[in-house]
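Secondary and tertiary structure notes
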Amino acid sequence: MSRAFVKDTEDVEDLPDRPISELPNDVTAEGLRRIEQALAAAQAAAQSAGDRAALASARRDFRYWNARRATARVAPEPSDNSVVRFGHTVTIVREDDRRQTFRIVGEDEAEPAHGTISHGSPLARALFGKGVGDVVAIAGGEAEIVEIR
């Protein structure tokens, strides 16, 4: 059989690894499910990749999600709403009276446009340990915490 018709994956050059955060890989239960789904999707993509570029990309994604799965620590749901912790949903009111609500989650599950922020974000770090009524400095301004749940 001609070499042109043989899928040669042994000499595929891997892409550089995706950067992995130095922060603890705390996740919610939903975040762990998302990591496991992404890992399965990357594995399926690697197995079905039709060309070298696709294979290299799928392998890189597989390595990333495999590393994230290996280090994931599912944080328990917070039971005390007196101060902001990982997993809480926090509502703030900014100086211009904008009311915003965010849930603090793991880095890989954060989607600020959908109301979730990473525990490593400046906003989350400013909120941690604070309670309702506390004012925090954020983004060149201030915001008051009005609800923690």
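Residues numbered from 1 in each chain as written. Predicted model: local features only at pLDDT ≥ 70, side-chain atom pairs only at ≥ 80, totals over all residues. Heavy atoms only, no water.

Time to look at the pattern of salt bridges. Enumeration according to the criterion identifies 13 salt bridges in this entry. The partner of Glu107 in a salt bridge is Arg68, and the shortest N-O contact between them spans 3.5 Å. Of this pair, Glu107 sits in the loop between strand E4 (99–105) and strand E5 (116–118) while Arg68 sits in helix H2 (residues 52–71); the two residues are 39 residues apart in sequence, bridging distant segments of the chain. By relative accessible area, which is 25% here, Glu107 ends up partly exposed. The class of Arg68 is buried, set by a relative accessible area of 1%. Several salt bridges converge on common partners, so that one network encompasses Glu30, Arg33, Arg34 and Glu111. (Salt bridge = Lys/Arg side-chain N within 4 Å of Asp/Glu carboxyl O. Helix = DSSP H or I, 4+ residues; strand = E, 2+ residues; numbered from the N terminus. Buried < 20%, exposed > 50% of the residue type's maximum accessible area, 1.4 Å probe, protein only.)

The next thing to look at is the pairing of strand E7 (residues 141–148). Strand direction decides the pairing type here: strand E3 (residues 89–94) and E7, joined by five bridges, are antiparallel. In the sheet register, Arg94 faces E7, and the bridge partner there is Ala143. Here strand E6 (residues 135–138) pairs with E7 via four bridges, running antiparallel. When the bridges of E7 are listed, Ala137 appears paired with Glu142. Between the antiparallel neighbours E6 and E7 lie two residues, among them Ala139 with a positive phi of about 45 degrees. (Pairing = 2+ DSSP bridges.)

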